[in-house]
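A look at the structure
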Amino acid sequence: MVLQTKDVVQRFGGLTAVNQVTMQIEDGQIVGLIGPNGAGKTTFFNVITGVNTPDEGSVHFLGEEITGTPAHEIVAKGIARTFQNIRLFKNMTAQENVIAGMHTASEANLLDAVFRTRRHREETRACEQRADELLSLVGLYDFRYELAARLPYGHQRRLEIARALAGGPKLLLLDEPAAGMNEQETAGLLEFIRKLRGMGCTILLIEHDMKLVMGICENIYVLDHGELIAQGPPEEIQNNPRVIEAYLGKEG
Ligand SMILES: Nc1ncnc2c1ncn2[C@@H]1O[C@H](COP(=O)(O)OP(=O)(O)O)[C@@H](O)[C@H]1O
Ligand SMILES: [Mg+2]
């Protein structure tokens, strides 16, 4: 078991944004988290990643309880995420953004950095090589020296994923990676996530694009008003009357 949440509750004043959500993610699974706007999906990510401490319930990662652990410690334990709103260093190159996602050099290396020793140069080169590998993986190798701000939107989204992967996470959380992408970019993303699955990555994916979710997730959780209203394989979720109602009720 990679991730296990139990009866997680997150309140904001009088609002219960996440209400007793229990979830299990096994090694190598791609799990979907869907639900109408305001359902509590991002808040649930914030609980898992230590941005919020839940009011009730627990989170276990690889068998260890991480409820309420600070965000930077959770990253170091191996949970990486992307954000619903892109958060890149806009004035850094694609390659520099990916390097920023790697675990930072220890203080012991500070002197090396100051005096630009050979060891430091070699380490820098290794980081760049690793970054270029990740950029190839997401199809951005040719853009490695381009400033993040100058990349097309879909590329920026993929750069975020490359940066999240840079720390070698055991669990990757993607918050609406296809948001704002055109059809072609979304298709590219689908293919890319499939590639990640082939590499054995474990992923929890928040996504509105049903085609994407249904095409890639083996298990889907559905939130509505903070509550889990359904869970199961895509075929089951697609035909679940409560799920259909939750969506039609909001958009119809
Ligand atoms: N920090 C916060 N303070 C107060 N209310 C919040 C906060 N974060 C989210 N909410 C509220 O919690 C609910 C769930 O939000 P969110 O998790 O962003 O939903 P989703 O990602 O499913 O669209 C919404 O009603 C939102 O307004
Ligand atoms: Mg959200």
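Up top you'll find the structure we're talking about.
Keep in mind it's a predicted model, so treat the numbers as computed, not measured. (Residues numbered from 1 in each chain as written. Chains lettered and ligands numbered in written order. Predicted model: local features only at pLDDT ≥ 70, side-chain atom pairs only at ≥ 80, totals over all residues.)

Description of the sheet that holds strand S9 (residues 219–224)
Heads up, the rule is: For two strands to be treated as a pair, DSSP must find at least two bridges joining them. The secondary structure listing takes helices from DSSP runs of H or I that are at least 4 residues long and strands from runs of E that are at least 2 residues long, numbered from the N terminus. Axes here mean lines fitted to C-alpha atoms, for a helix over just the part in contact, with angles spanning 0 to 180 degrees between N-to-C directions. Residues are scored as being in contact if the C-beta atoms we place from backbone atoms lie within 7 Å.
Strand order in this open sheet of 6 strands is S6-S7-S8-S3-S9-S10, and the pairing throughout is mixed. Of all the strands in the sheet, just strand S6 (79–81) and strand S10 (227–232) have a single pairing partner and so form its edges. Neighbour-to-neighbour, the strand axes of this sheet turn through a mean angle of 20 degrees, independent of strand direction. Sheet topology places strand S3 (residues 30–34) next to strand S8 (residues 203–206); 4 bridges connect them, and they run parallel. Considered in S8, the bridge of Val31 is made with Leu204. Across the face of the sheet, helix H1 (residues 41–48) comes into contact with S3, S6, strand S7 (171–175), S8 and S9 while running at roughly 150 degrees to S7.

Quick notes on the sheet that holds strand S1 (residues 3–12)
With respect to topology, 4 strands assemble into an open sheet ordered S2-S1-S4-S5, the strand pairing being antiparallel. Two strands in the sheet have a free side with no partner beyond their single neighbour: strand S2 (15–25) and strand S5 (64–65). Bridge count between S1 and strand S4 (residues 56–61): 5 bridges; the pairing is antiparallel. Residue pairing across strands places Gln4 opposite His60, the latter belonging to S4. Sheet strands touched by H1: S1, S2 and S4. Its angle to S2, the strand with the most contacts, is close to 65 degrees.

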